[in-house]
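Structural features, examined
Chain by chain, the residues:
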Amino acid sequence: MLKGAVPHDITPMLYGANLFAYKKKDSGIRPIAVGTSLRRVFCRIVTFRLRHLNKKLQPIQLGFATKGGVEAAVHAARSFIEDAAILDKPQVFLKLDVKNAFNSLDQNYILKSAEEFMPEYYKFVWQCYGEPSILLHGKYSVSSQAGIQQGDPLGPLLYCLATTGPHKRLKSKLKECFLDNDALGGDPEDVFDDLRSLQEALRVHWLTLNIAKCELMVIGGSEKERQTVYGAFLHAYPDLLCPQLKDLHYLGAPIHDDAVAGALVSVTEVIARMTKRLNLIPAHQALYLLRCSMGTVKLIYKLRASRCYQQKALLKAFDDIIRQSLTSITNVNITEGIWMQASLPIIEGGLGIRSVETLALPAFLASAYSVAPLTSEIIEFQPQIYCRDAAAEWQEVTQLDLPHHDARPVQKVWDNPIVQNTVERLRTVAGNDISEQARLNGVSTKENGAWLGALPAASLGNLLTDSAVRIVVGLRLGAPIITPHRCVCGEWADARGYHGLSCKKSRGRIPTHKCLNAIVKRSLALAGFERELEPQGIFPTDSKRLDGVTLTPWERGRMLAWDATCVNTMAISHIVATSTRAGAAAAQAEQGKIEKYRDIGQDYLFRALGFETLGPPGPEAVRTITEFGQKIRQETGEKRATEYLRQRISIEMQRGNAASIMGTAPMGANLDQIFCVIRPPLSIDA
């Protein structure tokens, strides 16, 4: 295929596609072509190999293999408008829309640009677009003889190469493109001339400007001068749109600060509708979608590309909707204090559902500095001046100096001090309450929060019940999850459920222990090692019995023997240690196991696997899990084997915690008697 040697009899179908018609906001139709799998794979290969061509397209065309290209375009446009607003002479900002660009482009220019810039793949491109192909829409077929298929992985590169030439000859101070979204900015005379030149150049490519969708903005100068410029443009192009600053958007981001409020309100309304529907699915899946597909994810682009941090009231309203949805999904009362922890990153003990109110400022600063080199090529750009107000507010919030210049493009550098301030506030509120300190230590580890990253699919065994989700989220956040009551053991069970984790009659301890050993057994099988649980004969002189041993050598000719244990982070015997150091109870339990099996012999390599109910594994368990993951990766090629193993262990730990806490309630009478009423009588034959 890459050599262009596919027989011509099958190219119309091989390089054809299934056609899907989607409605545009203006009631138009957007045809999306989904090509054959082979074609898409090889187009991705070609695109990857030719990603270096982005240097030939920059800084005008930012739509192909340009990291942060869309953000650079937005920041450049905003910087131009803000600088133009203080000038005595009017300046023009013009957004251009090319009508049906991908579908109308002359294929001769596609082939010509492919021959010039990618000659080694010219024959492949020629077979894709040099001859008609068949597009299937239901029972109908369409012959594709013009343009680029929207949906072709190679399409953006071909479009950029074929259309960038005319833009390089323009005179405007600001000239940038993101695929078929163009923008010009500068003196009115230059922009007007460039508009006419671009119309003529695009017409040669079979492309036309959709003037009814193009937007004109005149900035700077006096009111009279601005009206004169508007009049000149509208006289030549009467269908031009002239939006106000509060309505000006570019590439999906509000350009002027006055437009940010409307954009936030619009997104908030959409999220409010979406979150209500999460109650229709299991709580674990709803929680996963809320974290990964809604909330900050829906707003992060606008946070980075616009000054959303100035709209604190609207950001808080957005957070309130997410918090209410979290309360509804988990059936846990997420108060303001609990939301403070829930909105932290998972590694810091939160649920990873970040607050947009706290994230908006770091996101904007990181975006502006990360694309500053590229933005400076587009237009004269000084990030220190552009971000002056945002940087001053960040310093006021954190009471720190600005990060080093080389570190400023990284969002975590700006975000981490704010996160640490929240963590310190939680620690301060906890005060001398050692149980709260122990809980915060325990949940602030990546192992404890691994279950939040697991795909909640029943077929994978990762789906928690709604009741379990309520309990494990409440445990993580320190929220009340049960009514205080007398446990079946006779002791008093507290509202946070800590008693159930160490109760002598706990229903979760033995199942959790069995599940941990089952995970170890399956992991060894994936790594290619035979194994046996609870082997006999290793300690013939006493009754000690290991949890398991491999039947084939693990390392240096020795068999691997292991024994797992799970201890309660909040137990009276451990809480002093766990309140000062995360994982202290697990480490102590491992040392006890090592001492117990110290006389195992030279033929075995013993590993103690210590786990805590609310905390991380012990150091021996961490090392062993990492080794398991590495050996599974060597055997299967799965790069994320260690991560999946941590997730599986974390899921089983959460199930055990939920079973232990629910097990404190006295068992009520069941309804078996009802079946005696509705069951039909047995026949004599039966």
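The structure displayed is predicted, hence computed values, not measured ones.

The rules behind these values
- Residues numbered from 1 in each chain as written.
- Predicted model: local features only at pLDDT ≥ 70, side-chain atom pairs only at ≥ 80, totals over all residues.
- Heavy atoms only, no water.
- Buried < 20%, exposed > 50% of the residue type's maximum accessible area, 1.4 Å probe, protein only.
- Helix = DSSP H or I, 4+ residues; strand = E, 2+ residues; numbered from the N terminus.
- Pairing = 2+ DSSP bridges.
- Axes fitted to C-alpha atoms, helices over the stretch in contact; angles between N-to-C directions.
- Parallel < 35°, antiparallel > 145°, perpendicular 65-115°, else oblique.
- Left-handed = near helix turned anticlockwise from the far one by under 90°.
- Contact = heavy atoms within 4.5 Å.
- Nonpolar A, V, L, I, M, F, W, Y, C, P; charged D, E, K, R; others polar.
- Phe/Tyr/Trp six-rings, centres within 6.5 Å; stacked < 30°, edge-to-face > 60°.
- Lys NZ or Arg CZ within 6 Å of the ring centre and 35° of its normal.
- Salt bridge = Lys/Arg side-chain N within 4 Å of Asp/Glu carboxyl O.

1. A closer look at the pairing of strand 3 (residues 91-97)
A regular strand places its side chains so that they alternate between the two faces of the sheet. Along strand 3, 6 of the 7 residues are buried, which leaves the element largely enclosed by surrounding structure. Bridge analysis of strand 3 against strand 8 (residues 215-219) gives 5 bridges, and the strand direction is antiparallel. The partner of K95 across the bridge, within strand 8, is E215. Two elements, strand 3 and strand 7 (residues 181-186), share 6 bridges in a ladder whose sense is antiparallel.

2. Observations concerning the sheet that holds strand 13 (residues 531-533)
What links the strands of a sheet is backbone hydrogen bonding, and the strands pair in either a parallel or an antiparallel sense. Pairing is mixed across the open sheet formed by 4 strands, whose spatial order is 13-14-15-16. Both outer strands of the open sheet, strand 13 and strand 16 (604-612), are each paired with one neighbouring strand and no more. Neighbour-to-neighbour, the strand axes of the sheet open up by a mean angle of 20°, direction not taken into account. Relative to strand 16, strand 15 (residues 559-567) runs parallel, the two sharing 9 bridges. Within the sheet, the bridge partner assigned to A564 lies in strand 16 and is L609.

3. Observations concerning the packing of helix 16 (residues 356-370) against helix 19 (residues 388-398)
The N-to-C vectors of helix 16 and helix 19 enclose an angle of 135°; their axes lie 10 Å apart at closest approach. In terms of orientation, helix 16 and helix 19 fall into the oblique class. The hand of the helix 16/helix 19 crossing is left-handed. Across the interface between the two elements, L361, F364 and L365 from helix 16 touch A390, A391, E393 and W394 from helix 19. Here the residues of the contact of helix 16 with helix 19 are counted per class, giving 6 nonpolar, no polar and 1 charged.

4. Remarks on the packing of aromatic side chains
Applying the stated rule across the entire model yields 13 aromatic pairs. Geometrically, the ring pair formed by F192 and F233 is edge-to-face, given 5.3 Å between the ring centres and 75° between the ring planes. Of this pair, F192 sits in helix 9 (residues 188-204) while F233 sits in helix 10 (residues 223-236); the two residues are 41 residues apart in sequence, bridging distant segments of the chain. Centre to centre, the rings of W394 and W414 are 5.1 Å apart; their planes meet at 80°, and the pair counts as edge-to-face. With W394 in helix 19 and W414 in helix 20 (residues 411-430), this residue pair connects regions lying 20 residues apart in the sequence. For W394, a relative accessible area of 1% puts it in the buried group. Through pairs of rings, three or more aromatic residues link up here, namely Y309, F364, F381 and Y386. Of note, R51 hangs over the ring of F48, and the distance from its end group to the ring centre comes to 3.9 Å. Its end group placed over the ring of Y386, R307 keeps NZ or CZ at 4.9 Å from the ring centre.

5. Looking at the pattern of salt bridges
Counting across every chain of the model gives 26 salt bridges. With a shortest N-O distance of 3.3 Å, R323 and E336 are connected by a salt bridge. Taken together, the residues span a long stretch of sequence, with R323 in helix 14 (residues 312-330) and E336 in helix 15 (residues 336-342) at a distance of 13 residues. Of the residues examined, R323 reaches a relative accessible area of 17% and is grouped as buried. For E336, a relative accessible area of 43% gives the class partly exposed. For the salt bridge of R655 with E652, the shortest nitrogen-to-oxygen distance reads 3.0 Å. With R655 and E652 both in helix 28 (residues 641-662) and 3 residues apart, the pair spans about one turn of that helix. Classification of R655 by relative accessible area gives partly exposed; the value is 27%. In the salt-bridge network here, residues are joined through shared partners; they are K316, D320, R323 and E336.

So far we have only geometry, and geometry alone does not tell us how the molecule works.
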